[in-house]
Structures are given as C-alpha cells and as structure tokens.
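# Examination of the molecular architecture
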Amino acid sequence: MLDDLLIRPLEPYDTDEAAAVWWQSRHADGAQLPPAIHTAEQVAAWFADVLLPDGQTWVALDDGRIVAVLTLDGDDLDQLYVVPDAAGHGIGSTLVDLAKDLRPGGLALWTFQSNTRAQAFYRRHGFAEVRRTDGSGNEEHAPDVRMVWGNHPESEPV
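Residues numbered from 1 in each chain as written. Predicted model: local features only at pLDDT ≥ 70, side-chain atom pairs only at ≥ 80, totals over all residues. Heavy atoms only, no water.

Looking at an unreviewed UniProt entry, one finds the protein chain named GNAT family N-acetyltransferase, with Kribbella sp. HUAS MG21 as its source organism.

In structure tokens form, the structure reads like this:
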C-alpha cells in the first residue's frame with residue numbers, strides 16, 4: 001500500500017472526502033474514541049471552512065482515494081486519522097514522520113485517555129506523556145493525555 005502512497009496538501013475538492021475519513025475513523029468498530037459531538041455535515045464544513053484555509057492539513061492518497069488526514073496547528077499534531085481498512089499499513093507512521101520533518105523543533109498532541117492504541121502508537125514514535133486532564137478543556141469533555149516529542153516547550157527536562 002505504501003508503494004503508491006501520495007501525500008499532498010488538502011485541496012478544496014478534497015474536503016468532503018477528507019471529512020469522511022475523519023468520520024469513518026472516529027466511528028469504526030472498536031474505535032477507542034468518544035462519540036463525535038458534531039454531525040458529519042458539521043465536520044465537512046469544518047474541513048472546508050477552517051482546516052482548508054489554515055493550510056496545515058495534508059491528505060494521503062492510495063490509488064486516488066484519500067486514506068488518511070494529518071493536520072498540524074502550529075507545533076501541535078492536531079488531527080491524524082486513517083480509514084479503518086487502511087490502518088496498520090504504515091500510513092499513520094509516514095504522516096507522523098512528515099509532521100516531525102515539518103516541525104523539527106518538536107511536536108505536542110492530545111489524545112483521549114480511552115484511546116490506548118493511539119498512546120502506544122505515539123510512544124513508538126518517540127512521544128512521551130507529560131500530563132493528563134479530566135477533559136474539561138475539550139469539546140467531548142472526555143479525559144485526555146498530553147504527549148510531546150523532541151524539544152517541544154512542554155517537554156520535561158531530562
């Protein structure tokens with residue numbers, strides 16, 4: 001699958017398909033995420049009206065189909081979703097490597113405490129947990145974990 005993978009910035013004609021990747025990933029069987037609090041239509045509008053103009057979202061395509069989405073927000077890895085049928089093939093790892101290349105000074109991210117697979121994935125990629133919260137700062141109000149990589153300002157002194 002990785003042989004034919006194309007990674008490029010999100011384009012206006014991608015937003016509905018990219019939003020569908022986000023939606024499918026969030027609602028896949030076995031997903032360790034709290035339910036989305038926005039409708040699929042609201043998510044599509046967010047991709048078109050917020051993520052696209054911000055210019056920090058990339059899509060991974062396999063045979064012309066968007067199979068993953070990566071969004072950076074400053075030095076935060078804000079979104080990383082891979083469609084369920086493409087998970088486990090190295091696409092997420094490829095996108096994390098891209099994020100590291102684009103932010104060599106360090107990255108931070110939030111993941112839900114319930115998403116233990118994501119925490120293990122990010123640990124394998126050199127991220128370390130720096131704190132946990134009760135979730136009062138996120139829309140879902142679900143407990144979350146802050147993780148950092150590299151020389152991010154939130155990194156614990158060694």
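Time to look at the overall build of the protein chain. Helix and strand counts for the protein chain stand at 4 helices and 7 strands. Each helix (α) and strand (β) of the protein chain, taken in turn from the N terminus, gives the series β-α-α-β-β-β-α-β-α-β-β. The globule rule puts the C-alpha radius of gyration for 158 residues at 15 Å, and the 15 Å found for the protein chain is close to it. C-alpha extents for the protein chain along the principal axes are approximately 45 × 35 × 30 Å. (Helix = DSSP H or I, 4+ residues; strand = E, 2+ residues; numbered from the N terminus. Rg over C-alpha atoms; globule rule 2.2 N^0.38 Å.)

Once that is clear, we can look at the nonpolar core. Considering soluble globular proteins, one finds that nonpolar side chains tend to be buried as a cluster. Ranked by internal contacts, the top residues of the largest apolar core, which has 43 residues, are Phe47, Leu70, Leu77, Leu80, Ile91, Tyr122 and Phe127. When residues in this core are grouped by element, the largest group, 6 residues, is from strand S3 (residues 65–73). Not counting chain neighbours up to four residues away, the residues in contact with Leu80 comprise Val69, Leu70, Gly92, Leu95, Val96, Phe121 and Tyr122. (Core = buried A, V, L, I, M, F, W, Y, C linked by side-chain atoms within 4.5 Å. Buried < 20%, exposed > 50% of the residue type's maximum accessible area, 1.4 Å probe, protein only. Contact = heavy atoms within 4.5 Å.)

On inspection of all chains with the given rule, the structure shows 7 salt bridges. With a shortest N-O distance of 2.6 Å, Asp14 and Arg8 are connected by a salt bridge. In this structure, Asp14 and Arg8 share a single accessibility class: buried. What emerges from the salt-bridge pattern is a single network uniting Asp76, Arg131, Arg146 and Glu154. (Salt bridge = Lys/Arg side-chain N within 4 Å of Asp/Glu carboxyl O.)

Along the chain, the position of Ala86 falls in the loop between strand S4 (76–82) and helix H3 (91–102). Taking relative accessible area as the criterion, Ala86 reaches 1% and is therefore assigned buried. Expressed as a C-alpha distance, the spacing of Ala86 and Val67, which sit 19 residues apart in the sequence, is 6.5 Å.

For the rest of this paragraph, the subject is the UniProt feature "domain: N-acetyltransferase" (unreviewed entry) in the protein chain. With numbering matched to this structure, UniProt assigns "domain: N-acetyltransferase" (unreviewed entry) to residues 5–152. Secondary structure across residues 5–152 divides into 32% helix and 30% strand, with the first and last C-alpha atoms of the span separated by 29 Å. (UniProt positions renumbered as here; feature names shortened; annotations may be inferred.)

For the structure shown, the criterion picks out 6 aromatic pairs. An angle of 75 degrees between the planes, with centres 5.1 Å apart, marks the rings of Phe121 and Tyr122 as edge-to-face. Since its relative accessible area comes to 16%, Phe121 is described here as buried. A relative accessible area of 7% places Tyr122 in the buried class. Connected via pairs of aromatic rings, a cluster forms that spans Trp22, Trp23, Trp46, Phe47 and Tyr81. (Phe/Tyr/Trp six-rings, centres within 6.5 Å; stacked < 30°, edge-to-face > 60°.)

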